[in-house]
Amino acid sequence: SYMNREGTVVTSAKTTIGVPVNEQPVFTVISLVPEVPRGTESTIDVTYRNNGKVPVFDAQARITPHDPVTASDSNAFLGDIAPGETATATFVLLADQDAETGEQTFDSTIRYRDATSISISSDPIPVQLNIVPSAGGISPLLIVGIIAVLIIGAAFYVYRQKNTSR
């Protein structure tokens, strides 16, 4: 209510408006659970989706492994991610030979710039990994070594047979 120029009290119609306050992106992992064999260094891809209503700019993902898994490359550049869009991060992880097999959960975060260029870090985003037994078996180098020994042994046997028959 207010008084106009003529001195009459006037009441305007009520209007309700929504004002988004601190609108933030919400990130989820939508990729399949990657497998990491024990005792080997593995490159994994983790796909994130921006389920929020605001875009993010210059996004970078970081995974935080814990023992017995370590990371030789735990950061990945994602770029700009609009609402509903996805981006894939590539990490290099090493599961210790003694790591327990099965699914494990690691934390990841996304650092990004908002529309006003303020740097913000997301809440922790869980990333599932499946630790699997190492491939095992006989190494290709060992197979080549065995074949070489057999060839040398056969050649020596043929050489001895020729020399004793003279």
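Structure shown above.
As a starting point, this report considers the structure included with it. (Residues numbered from 1 in each chain as written. Predicted model: local features only at pLDDT ≥ 70, side-chain atom pairs only at ≥ 80, totals over all residues. Heavy atoms only, no water.)

## What to know about the pairing of strand β10 (residues 102–113)
Residues in a regular strand project their side chains so that they alternate between the two faces of the sheet. As defined by bridge partners, strand β6 (residues 56–64) adjoins β10 across six bridges and the pair is classed as antiparallel. Looking across to β10, one finds that Ala61 is bridged to Ile110. Direction of pairing for β10 relative to strand β12 (residues 125–132): antiparallel, over a ladder of seven bridges. When the sheet's bridge partners are listed, Gly102 is paired in β12 with Ile131. Sheet topology note: the β10/strand β11 (residues 119–121) ladder contains three bridges and is antiparallel. Counterpart to Arg111 in the pairing with β11 is Ser121. Counted along the chain from β10 to the antiparallel partner β11, the turn is five residues long, and its residue Ser117 has a positive phi close to 70°. (Pairing = 2+ DSSP bridges. Helix = DSSP H or I, 4+ residues; strand = E, 2+ residues; numbered from the N terminus.)

## Considerations on a nonpolar patch on the surface
Among the surface-exposed residues, Ile143, Ile147 and Ile151 lie close enough to one another that they form a single nonpolar patch of about 280 Å² accessible area. Inspection of the secondary structure assignment puts Ile147 in helix α1 (residues 140–164). (Patch = residues over 30% accessible without salt bridge, like charges linked within 9 Å, V, L, I, M, F, W, Y side chains within 5 Å. Areas by Shrake-Rupley, 256 points an atom, 1.4 Å probe, with all protein chains shown as cover. Salt bridge = Lys/Arg side-chain N within 4 Å of Asp/Glu carboxyl O.)

## A short note on the side chain of Ser74
Mapped onto the fold, Ser74 is located in the loop between β7 (69–73) and β8 (75–81). On the basis of relative accessible area, Ser74 is assigned to the buried category, the value being 15%. The contacts of Ser74, once residues within four sequence positions are left out, are Ala61, Arg62, Ile63 and Phe91. (Buried < 20%, exposed > 50% of the residue type's maximum accessible area, 1.4 Å probe, protein only. Contact = heavy atoms within 4.5 Å.)

## Things to note about unusual backbone geometry
Note the cis peptide between Asp67 and Pro68, where omega equals 10°. Mapped onto the fold, Pro68 is located in the loop between β6 and β7. Even without glycine at this site, Ser117 takes up a positive phi of about 70°. Mapping Ser117 onto the fold places it in the loop between β10 and β11. You can call Ser117 partly exposed: its relative accessible area is 46%.

## Things to note about the nonpolar core
Core analysis: the largest hydrophobic core is formed by 26 residues, its most contacted members being Tyr48, Leu78, Phe91 and Ile110. Counting residues per element, the ones that place at least two in this core are β5 (41–50), β6, β8, β9 (86–95), β10 and β12. With five residues, the top contributor of residues to this core is β9. Setting aside residues no more than four positions away along its own chain, Phe91 makes contact with Ser42, Thr43, Ile44, Val46, Tyr48, Ala61, Arg62, Ile63, Asp73, Ser74, Asn75 and Ala76. (Core = buried A, V, L, I, M, F, W, Y, C linked by side-chain atoms within 4.5 Å.)

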